[in-house]
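# Results of the structural survey
One-letter residues, chain by chain:
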Amino acid sequence: MPVPVQPVVSDDALPASVDVAVIGAGMAGSAAAYFLAEKGHSVALIEKGIVGGEQTSRNWGWCRQQHRDLRELPLAMKSLEIWGDLNRELGTETGFRRTGLVYVTNRPADFAQWEEWTLKAREHQMHSRVLTPEEAKAMTPGSTGEWIGGVHSPNDGRAEPALAGPALADAARENGATIHQNCAVRGLDIQAGKVTGVITERGRVRSRAVLCAGGAWSSLFCRRHGVRLPQAGVRSTSFFTKAAPLITEGGLSLPNVTLRRRLDGGYTVGLSGRGLVEMSPQGLLYARDFWPTLKKRWTGVTLGVGRSFFDGPESFAHWAFDRVSPFERHRTLDPGADPKLVHQGLTKLAEHYPALKGVEVAHCWGGLIDSTPDGIPVISAVESLPGLYLSTGFTGHGFGIGPGAGRLAADIVAGDPPIVDPRPFRYSRMVDGTDLGAPGML
Ligand SMILES: Cc1cc2nc3c(=O)[nH]c(=O)nc-3n(C[C@H](O)[C@H](O)[C@H](O)COP(=O)(O)OP(=O)(O)OC[C@H]3O[C@@H](n4cnc5c(N)ncnc54)[C@H](O)[C@@H]3O)c2cc1C
């Protein structure tokens with residue numbers, strides 16, 4: 001079921017021409033539109049469904065530096081800086097609170113990995129503390145677990161996914177951007193080898209630059225124009241509870257289950273390591289790129305064949321720009337929750353915290369996480385197609401790093417000095433034979 005999202009007002013008419021057309025109003029597109037408009041560029045933010053309707057409203061709401069791939073850590077650290085000021089800067093509630101995040105475990109392999117990561121992260125001045133068994137226990141009062149240790153990242157926090165994406169889109173609009181919902185971009189307008197705008201279901205918009213922030217749809221969109229972008233979708237189930245006793249003010253990762261306190265006093269609950277990867281034509285096309293990841297990291301992932309083989313973002317589709325495109329046939333991708341996983345989540349919660357026994361589910365949903373082979377996003381120009389830029393492939397991390405990613409994408413599109421070194425996120429790594437390897441900690 002779609003997650004209820006804070007509604008955003010659309011503009012009536014599409015502009016004939018803008019500096020930048022942004023495709024997709026999730027976290028990546030909305031944040032980029034906000035920062036581009038703040039820099040004084042004219043922006044049209046174009047969304048096939050509603051602002052924040054896909055991954056951006058379906059995530060757990062963890063805003064973390066902890067356990068980030070080290071290539072991504074500087075961007076995560078900038079993002080947490082931006083989050084800290086965002087409620088004030090936007091003049092509205094994103095739900096962000098710097099509550100800290102806690103991870104505890106009884107698995108030696110997890111703990112060893114966390115210790116190693118924390119040592120390396122210190123080189124980036126990232127403040128994270130390894131917890132002894134006693135400290136881990138003290139940070140989880142009321143839990144039944146006997147932990148061998150944990151980690152605590154006090155500068156991390158949590159925000160409300162249903163509020164934050166729409167808040168950034170609204171702020172972009174206040175800065176002069178226009179917003180167009182229920183308006184799919186069918187393709188790029190390309191003249192003499194350069195992108196000169198977008199072709200939407202409601203007509204053309206000329207632009208100097210196009211930023212594709214299409215989440216799980218970016219690969220399909222790019223493929224239509226001969227641009228190679230390996231992406232794979234991992235389907236995940238989550239739910240939130242009605243108001244429940246206070247266990248944590250922030251986010252807490254327990255073996256097999258995570259919980260994050262919500263503004264409404266409930267918890268958003270996720271099942272870690274329980275993703276489903278459906279075999280799809282796109283999956284087969286990029287199987288070689290993802291093979292190291294599948295071998296090393298996706299131990300908890302189930303493989304299956306489902307509807308995505310024939311339909312949706314990972315199918316093979318070809319469409320004419322004057323006809324209905326796959327983007328209009330799926331205004332909001334809504335994969336549905338797996339009831340077995342919801343039940344398992346509730347059981348695990350009650351096992352770890354007897355005080356949460358009998359807590360009621362208020363809403364459950366599925367989401368499709370768009371992943372790259374090396375687990376970090378592409379935020380970059382596409383050199384082979386001047387005028388096209390990408391901000392996509394966030395691999396399950398794009399909410400927390402959304403503000404920084406939006407700022408970096410805006411810097412790159414505007415040609416301004418980038419907020420962090422953009423090289424780890426360059427598009428060219430997808431096509432120049434770089435050994436993408438497997439991601440760091442997911
Ligand atoms: C279950 C789950 C839990 C997660 N937990 C966390 C977490 O705790 N912390 C964290 O940091 N991240 C988390 N993530 C990841 C995070 O939600 C995503 O990385 C982030 O929201 C990606 O934002 P996006 O804008 O790239 O994509 P999306 O939010 O998916 O937005 C893409 C948008 O583009 C639109 N679009 C696509 N094609 C077109 C087109 N042709 N024309 C017009 N519009 C188009 C789509 O309709 C969509 O609205 C989680 C994800 C899931 C699914």
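Details of the structure are given in the entry above.
All of the points below concern the structure found in this document. (Residues numbered from 1 in each chain as written. Predicted model: local features only at pLDDT ≥ 70, side-chain atom pairs only at ≥ 80, totals over all residues. Heavy atoms only, no water.)

Another point: the site of the ligand. Within the structure, the ligand sits among 36 residues, and Glu 47, Thr 56, His 397, Gly 398 and Gly 400 are positioned closest to it. One of the backbone N or O atoms of Gly 398 is found 2.8 Å from an oxygen atom in the ligand. In this structure, Gly 400 approaches the ligand through a main-chain N or O atom, which is 2.6 Å from an oxygen atom. The fraction of the free accessible surface of the ligand (1000 Å²) that becomes covered by protein chains is 98%. Among the elements of the structure, helix H1 (27-38), helix H2 (55-58), strand S12 (232-241) and strand S18 (361-371) are those that each provide at least two residues to the shell around the ligand. (Near = heavy atom within 4 Å. Polar contact = N/O pair within 3.5 Å; in protein donor to acceptor, adjacent residues only side chain to side chain. Areas by Shrake-Rupley, 256 points an atom, 1.4 Å probe, with all protein chains shown as cover. Helix = DSSP H or I, 4+ residues; strand = E, 2+ residues; numbered from the N terminus.)

Okay, the nonpolar core next. Membership of the largest hydrophobic core comes to 51 residues, with the highest contact counts inside it found for Leu 75, Trp 83 and Ile 379. Looking at this core, the elements that each hand over two or more residues are strand S1 (17-23), H1, strand S2 (43-46), helix H3 (73-90), helix H6 (161-174), strand S11 (203-212) and helix H12 (402-414). No other element matches H1, which puts nine residues into this core. Those residues in contact with Leu 75, other than ones at most four positions away along the chain, are Ile 379, Ile 401, Gly 404, Ala 405, Leu 408, Val 420 and Phe 425. Judged by nonpolar contacts, the second largest core, of 34 residues, contains Cys 212, Ala 216, Trp 217 and Phe 327. (Core = buried A, V, L, I, M, F, W, Y, C linked by side-chain atoms within 4.5 Å. Buried < 20%, exposed > 50% of the residue type's maximum accessible area, 1.4 Å probe, protein only. Contact = heavy atoms within 4.5 Å.)

Next up on the list: the packing of aromatic side chains. Counted according to the given criterion, the structure contains nine aromatic pairs. Between the aromatic rings of Trp 83 and Phe 96, the centroid separation amounts to 5.5 Å while the plane-to-plane angle is 15°, which identifies the pairing as stacked. Here Phe 96 lies in the loop between H3 and strand S4 (101-105) and Trp 83 lies in helix H3, a separation of 13 residues in the sequence. Residue class for Phe 96 comes out buried when judged on its relative accessible area of 6%. The rings of Trp 217, Phe 221, Trp 319 and Phe 327 are connected pair by pair, giving a single aromatic cluster. Residue placement shows Arg 224 over the ring face of Trp 319; its charged tip is 5.8 Å from the ring centre. Here the guanidinium or amino end of Arg 262 rests over the ring plane of Phe 240, the centre of that ring lying 3.7 Å away. (Phe/Tyr/Trp six-rings, centres within 6.5 Å; stacked < 30°, edge-to-face > 60°. Lys NZ or Arg CZ within 6 Å of the ring centre and 35° of its normal.)

Below, the discussion takes up unusual backbone geometry. Of note, Gln 125 is a non-glycine position whose phi angle comes to about 60°, a positive value. Tracing the backbone shows Gln 125 in the loop between helix H4 (108-122) and strand S5 (129-131). Owing to a relative accessible area of 66%, Gln 125 belongs among the exposed residues under this scheme. A positive phi is found at Thr 395, a non-glycine position, where the angle reads about 50°. Along the polypeptide, Thr 395 turns up in the loop between strand S20 (388-392) and H12.

What follows is about H6. For H6, which comprises 14 residues, the first-to-last C-alpha distance of 20 Å matches the rise-based estimate of 20 Å (1.5 Å per residue) to within 8%. Burial runs high along H6: 10 of the 14 residues are buried. Check the buried side of H6 and you find it contacts H1, S2, H2, H3, strand S8 (178-180) and strand S14 (257-261). (Expected span 1.5 Å × (residues − 1).)

The final tally for this structure, using the stated rule, is 25 salt bridges. Between Lys 39 and Asp 411 there is a salt bridge, and its shortest N-O distance comes to 2.7 Å. With Lys 39 in the loop between H1 and S2 and Asp 411 in helix H12, this pair connects stretches of sequence that are 372 residues apart. For Lys 39, a relative accessible area of 29% gives the class partly exposed. Here Arg 71 and Asp 69 are joined by a salt bridge, their closest N and O atoms 2.7 Å apart. Exposure remark for Asp 69: the relative accessible area of 8% places this residue in the buried category. Sharing partners across several salt bridges, the network here consists of Lys 39, Arg 407, Asp 411 and Asp 416. (Salt bridge = Lys/Arg side-chain N within 4 Å of Asp/Glu carboxyl O.)

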